[in-house]
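# Coordinates in review
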Amino acid sequence: MIRTQETKDYFTKGGVVMSNQKETTTLNLAAIFGLALMGMCITVVTPAMGTFIAQWPEHGPAGDGMYAYISTLPTLMTLICSPIFGALAGKKMKFKTLSILGTGLVVVGGLLPAIIGGSFYFVLFTRILLGMGVGIISPLGNALIIGCYKGQKQATYLGWATLFMNGGGIVFQLLGGFLAEAGGWQMTFWGHGFALVSFLLAFFIPEPEGVEQPVQTAEGPVKKEKMHWMVWFVGF
């Protein structure tokens, strides 16, 4: 296994001394990219909406229109969970723990409809689980790259992570359309099978040992400035 080692350095950023562990393996990097790949897995069902309408016409456009929740509920849960678990990562919970939890929820929420089918409302429940899983892992990939790599490697790997996420979205939609055409609505959910690989790789997620130490001055430690609440509001 290839192992890379960069020099541990200390630098000042925003009045805070930062230090990071710079030792990773190719398996660690693959695990990080596995998280990025799952960022757009909720789009598997997008080309298969017609099959859901055919299966549950009472929830289709001519009915109560709830079929759209199959697509929108995961997005809503992602928006709710991402800022919460992004704030916990590396502070209250380990990156590896969150990665295993998030990819595990993606596996369960993504594959249960494929395995056992179920009612319309059961499918909605599994979509909530899927959205929670994606929301947990979404902020982790870039944070891990920033915490584990420096300089040109950091910039390169951030670009690759974006490629994996956006490319994954295209692949998932193509795969979802193919599966829906081949086997109907239930077969579509097998497109989430890639999550099994990401789940196994999550056990190799590196844990950055970055620490923040307030800079000491004659007047005492320099305090970090807090972000104004309006910035969080606009970002959300």
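Here the residue index of a chain counts from 1 through its sequence in written order. Reporting of local features is limited, given that this is a predicted model, to residues whose pLDDT is at least 70; pairs of side-chain atoms are given and counted only at 80 or more, and all residues count toward the totals for whole chains, interfaces and linings. Calculation of side-chain values draws on the structure's entire complement of heavy atoms; hydrogens and water are dropped beforehand.

Within 6.5 Å between ring centres, the rings of Phe, Tyr and Trp (the latter by its six-membered ring) count as paired, and their orientation is classed by plane angle as stacked under 30 degrees, edge-to-face over 60, tilted in between. Enumeration over the complete set of coordinates arrives at 13 aromatic pairs. Considering the side-chain rings of Phe33 and Phe164, the 4.9 Å spacing of their centres and the 15° angle between planes classify their relative orientation as stacked. Here Phe33 is found in helix H1 (residues 26–37), whereas its partner Phe164 is found in helix H7 (residues 151–183), with 131 residues between them in sequence. Each residue is assigned to one of three classes by its accessible area relative to the maximum for its type, calculated with a 1.4 Å probe on protein chains only: buried under 20%, partly exposed between the two thresholds, exposed over 50%. Overall, Phe164 belongs to the partly exposed group, its relative accessible area being 30%. Relative to Trp56, the ring of Phe52 has its centre 6.4 Å away and its plane inclined at 15°; by these criteria the two rings are stacked. Of the two residues, Phe52 and Trp56, neither departs from the other in class, the shared state being buried. Counting every residue linked through ring pairs, the aromatic cluster contains Phe52, Trp56, Phe120, Tyr121, Trp185 and Phe189. Strands here mean DSSP runs of E at least two residues long; helices mean DSSP runs of H or I at least four residues long; both are numbered from the N terminus.

Now for the packing of helix H4 (residues 95–116) against helix H5 (residues 120–137). In the contact formed by H4 and H5, the axes pass within 7 Å of each other and the chain directions differ by 155°. Relative to H5, the element H4 lies roughly antiparallel. For the element pair H4 and H5, the recorded crossing hand is left-handed. For helices, the fitted line uses only the C-alpha atoms of the stretch in contact; every axis is such a line through C-alpha atoms, and the angle between N-to-C directions lies from 0 to 180 degrees. In these notes the angle categories are as follows: under 35 degrees is roughly parallel, over 145 is roughly antiparallel, 65 to 115 is roughly perpendicular, and the rest is oblique. What makes a crossing left-handed is the near helix being turned counterclockwise from the far one by less than a right angle; a clockwise turn instead makes it right-handed.

Here we come to the environment of Leu111. Its location among the elements puts Leu111 in helix H4. Residues Leu111 and Gly193 lie 82 residues apart in sequence; the distance between their C-alpha atoms is 6.9 Å. Among residues more than four places away in sequence, those in contact with Leu111 are Val106, Phe189, Trp190, His192, Gly193 and Leu196. Contacts are assigned to residue pairs with any non-hydrogen atoms lying within 4.5 Å of each other.

Here the focus is a nonpolar patch on the surface. Note that patches include only residues with greater than 30% relative accessible area and no salt bridge, and the join distances are 9 Å for like charges and 5 Å for nonpolar side chains (Val, Leu, Ile, Met, Phe, Trp, Tyr). All accessibility values rest on the Shrake-Rupley procedure with a 1.4 Å probe; residue burial counts only the protein chains present in the view. In the sections that follow, a salt bridge refers to a side-chain nitrogen of Lys or Arg positioned within 4 Å of a carboxyl oxygen of Asp or Glu. A cluster of nonpolar side chains, contributed by Ile115, Ile116, Met187 and Trp190, occupies part of the molecular surface with about 400 Å² of accessible area. By the secondary structure assignment, Met187 is in helix H8 (residues 185–188).

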